[in-house]
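# Remarks on the overall topology
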Protein chains: 2
Amino acid sequence: MIPGPTNVPDRVMLAMVKPIINHRSPAFSQLYKGIIEKCKKVFLTNGDIIVYTASGSGGVEAAVTNIVRPGDKVLVTVFGEFGQRAAEQVEAAGGKAIVADAQLGDAPRMDKIRALAEANKDIKAVFVVYNETSTGVTFRWLRDLGKLASDLGAFYIVDAISILGGDELPVDELGVDICIAGSQKCLAAPPGVVIVSVSDRVKRYLESNPPPPRHYFNMPRYFKFAERGETPFTPALPLFYALDEALNIVLEEGLDNRIKRHKICAEAFYRALAAINLKPTAKEDVRSNVVLAFNYPPGIEDGKFRKLLDDKFDVLVAGGFGEFRGKVFRIGCMGEVNTPHVLTTVTAVSAALNQLGYQNSTAAALEEALKVLSQLNPST
Amino acid sequence: MIPGPTNVPDRVMLAMVKPIINHRSPAFSQLYKGIIEKCKKVFLTNGDIIVYTASGSGGVEAAVTNIVRPGDKVLVTVFGEFGQRAAEQVEAAGGKAIVADAQLGDAPRMDKIRALAEANKDIKAVFVVYNETSTGVTFRWLRDLGKLASDLGAFYIVDAISILGGDELPVDELGVDICIAGSQKCLAAPPGVVIVSVSDRVKRYLESNPPPPRHYFNMPRYFKFAERGETPFTPALPLFYALDEALNIVLEEGLDNRIKRHKICAEAFYRALAAINLKPTAKEDVRSNVVLAFNYPPGIEDGKFRKLLDDKFDVLVAGGFGEFRGKVFRIGCMGEVNTPHVLTTVTAVSAALNQLGYQNSTAAALEEALKVLSQLNPST
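Described in the following lines is the structure provided in the data block. (Residues numbered from 1 in each chain as written. Chains lettered and ligands numbered in written order. Predicted model: local features only at pLDDT ≥ 70, side-chain atom pairs only at ≥ 80, totals over all residues. Heavy atoms only, no water.)

## A closer look at the interface of chain B and chain A
Applied cut-off: We call two residues contacting when some pair of their heavy atoms lies within 4.5 Å. When two parts are brought into contact, each loses some accessible area as probed by a 1.4 Å sphere; the total of that loss over both is the buried area. Only one rule defines a salt bridge in this text: a Lys or Arg side-chain nitrogen within 4 Å of an Asp or Glu carboxyl oxygen.
Listed per partner, the contact involves 39 residues of chain B and 39 residues of chain A. Summed over both sides, the interface between chain B and chain A buries roughly 3100 Å², with carbon and sulfur atoms accounting for 69% of that surface. The largest contributions to the chain B side of the interface with chain A come from Ile20, Arg214 and Tyr216 of chain B, which together make up 20% of the buried area. The interface formed by chain B and chain A holds 2 salt bridges in total.

## Points about the packing of helix H10 (residues 255-275) of chain B against helix H13 (residues 362-373) of chain B
Two packed helices can be described by the angle between their axes and the distance between those axes. All names here are of chain B. To keep things clear, this is the line we draw: Axes here refer to lines fitted to C-alpha atoms; in helices the fit is confined to the stretch in contact. Angles between the N-to-C directions go from 0 to 180 degrees. Secondary structure elements are taken from DSSP: a helix is a run of H or I of four residues or more, a strand is a run of E of two residues or more, and numbering for both begins at the N terminus. Each angle receives one of four descriptions, namely roughly parallel if under 35 degrees, roughly antiparallel if over 145, roughly perpendicular if within 65 to 115, and oblique otherwise. Should the near helix be turned counterclockwise from the far one by less than a right angle, the crossing is left-handed, whereas a clockwise turn marks it as right-handed. Throughout, the ten residues Ala, Val, Leu, Ile, Met, Phe, Trp, Tyr, Cys and Pro are labelled nonpolar, Asp, Glu, Lys and Arg are labelled charged, and all others, Gly among them, are labelled polar.
Taken N-terminus to C-terminus, the directions of H10 and H13 make an angle of 155°; their axes are 7 Å apart at the nearest point. Considered as vectors, H10 and H13 are oriented roughly antiparallel to each other. Regarding H10 and H13, the two cross each other, and that crossing is right-handed. Contacts between H10 and H13 involve Ile264, Cys265, Glu267, Ala268, Arg271, Ala272 and Ala275 from the first element and Ala364, Ala365, Glu368, Ala369, Lys371, Val372 and Leu373 from the second. Class assignment for the residues of the contact of H10 with H13 results in 10 nonpolar, no polar and 4 charged.

## Quick notes on the side chain of asparagine 289 of chain B
Residue and element names in this part refer to chain B. Where we set the bar: Type-normalised accessible area, obtained with a 1.4 Å probe on protein chains alone, sets the label of each residue: buried when under 20%, exposed when over 50%, and partly exposed for intermediate values. As used in this structure description, the phrase polar contact means that two N or O atoms lie within 3.5 Å; if the pair is within protein, one of them must be able to donate a hydrogen and the other to accept it, and residues adjacent in sequence are counted only when both atoms belong to side chains.
With respect to the element layout, asparagine 289 can be found in the loop between H10 and strand E10 (291-295). For asparagine 289, a relative accessible area of 13% corresponds to the buried category. Within the structure, the side chain of asparagine 289 is placed 3.5 Å from the side chain of aspartate 167, a separation counted as a polar contact. Discounting residues that sit within four places of it in the chain, asparagine 289 has contacts with Thr138, Arg140, Asp167, His262, Lys263, Ala266 and Cys333.

## So, the packing of helix H2 (residues 26-43) of chain A against helix H9 (residues 237-253) of chain A
Residues and elements named next belong to chain A. One way to put it is that H2 packs onto H9 with a least axis distance of 10 Å and a crossing angle of 40°. Taken together, the axis directions place H2 and H9 in an arrangement best described as oblique. Crossing handedness for the pair H2 and H9: left-handed. Within the contact between the two elements, H2 uses Phe28, Leu31, Tyr32, Gly34, Ile35, Lys38, Cys39, Lys41 and Val42 and H9 uses Leu237, Phe240, Tyr241, Leu243, Asp244, Leu247, Asn248, Val250 and Leu251.

## Quick word on the environment of asparagine 248 of chain A
Residue and element names in this part refer to chain A. With respect to the element layout, asparagine 248 can be found in helix H9. Along the primary structure asparagine 248 and lysine 38 are separated by 210 residues, whereas in three dimensions their C-alpha atoms are 7.6 Å apart. If near-sequence neighbours (up to four positions away) are discounted, asparagine 248 is found in contact with Arg11 and Lys38.

Next comes the structure, spelled out in structure tokens:
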């Protein structure tokens, strides 16, 4: 139950052992083109899709280095570790990061962002971390921010690495120019590839403003090869097979159903742990449905708690990052998450806290969880 | 029988379906540290090992962007597509590529390289493509070139993507500072990760001359995380499992045995195809033992030949690159290559050529192949 990599269904794991084929063959083209078509349905975009053999951070680097040229201003939301890294990426590319920050546990609000935009009319791109894995906070104003980016004539880049497939993100409808998604989070594929959608507007921009040449993440090179269903560099074939099967599962479940399932499971967690007085790190209106962070009750030691959870209950949760280190634990509510996952995790958290001296009622927590989980489709 | 990705043993394929674990856990550290130790035995180095989730070209980018700063001169061997790409990488990083080129089918000779070095005493790095996959040529003077790099006080970078594990390359003994190897070539693992060895000298250089920050391939970041057995970014876990098992197989066979097997199989191919008058593209003293390119006899059409080979004989070979397109075919003699592979391929090539009107004796070709293959250990 960590915030990625998540559990991967057997079907997806087994897809990896399909035969190694030539990545310059029609069989690979067919696979890659299929992945691209399926991704378009999951991203809800008619734009292009690139699958990079790299981690999510590679996808962020792809977005930044293809768009940002020295001196360019980029408005970046920073409300945790991953926003901070994005701002540093912008600066590393020679750009200037205009930072819209927020206290940890909150997300920057639109009025603050609008004021920054007002003072910087020449912003070239807006970069938002949709879900800040480090704090369990989701930025809830993607539509408004897209409108603002559009008004500014700026590119709109959304880091959705940890959330795509687990919460709403209609890429074209929101005017997103570049959207980055991880394989190993809500899509429930293994780690190692990152999926990036790219709007026609970005494609046209790159034609007349080519990014640094010969760069592993150079988008125009990927577009050129994608025309014949290939990647410019040798792809991580087994992970492409796995992603393809993971996308099949997403489309079989239905994107709406999948998002609904994530929401219900998250709500079950929040309600169950509220019943035993655990407080989410995030403010209520920006609580994430895919990475849930909770403050420790006084006296509970992070390392001891997580080790007990792992050793005795076989449940893995993650610790905090940076300022939150030792102060919070984080539950991944991603991918295949379902009733048994929620109930097992709630039971384990409650029981472990009891063992460590924080008195609480496991029964009360489970009762709350079950109330919410009853909304799930019986078949899922 | 294409020049990578090669066939992958079942043991390695099955290793990929091991459970998805947290890449910030002791279990992952143990796996990664094991891979690093095994790689050191295969690279014959006491230096550091980085495993990047990326293609071989990503490994070249890692080498170049960590070493080359604007204005730096880099001597680059160019005798095919991959040398050309390396030279472009150097220029893209702001460096100046001093090109030691050679006609296609040959490799640059040491006298030419020495003359270039004489005229450019301030060379910062020497970059050599050990095996040029595009032409089937292996650069045979790695030791001399290492000596020259050492005399110049230059870093010595070897692109061994397609050859490491299939021919001699004692990294430390040859004074190699950075060596790049692909997973999907002679190591017979699936594609998607690239392994890079780094000398202490490079490590010390990077401490006082940090490369561009926040770059996906930034080496110091990998060194820092490697101290606790982690990668800075989410690794392609299934491919790490597979690489680990592929390295086990290399070490079980023994590196020397493996290289000897590649040599014998290559010799069997060269002798067998000589018996039916096929001419290698490469000059004899630079012929590769891992990627074998042959000129087509007059009148044989590339597409038709390779399609026939695939459809009727179930044997895949590759076509030529660039200037060699349509003129040559290339056989990968890599990884698991063994007697049945050689005999099947020789039979198929000979029979297909006969069908296309090039009269030749399959029996004569097989007789030559068998003579050479008798040198293989009976157990292999």
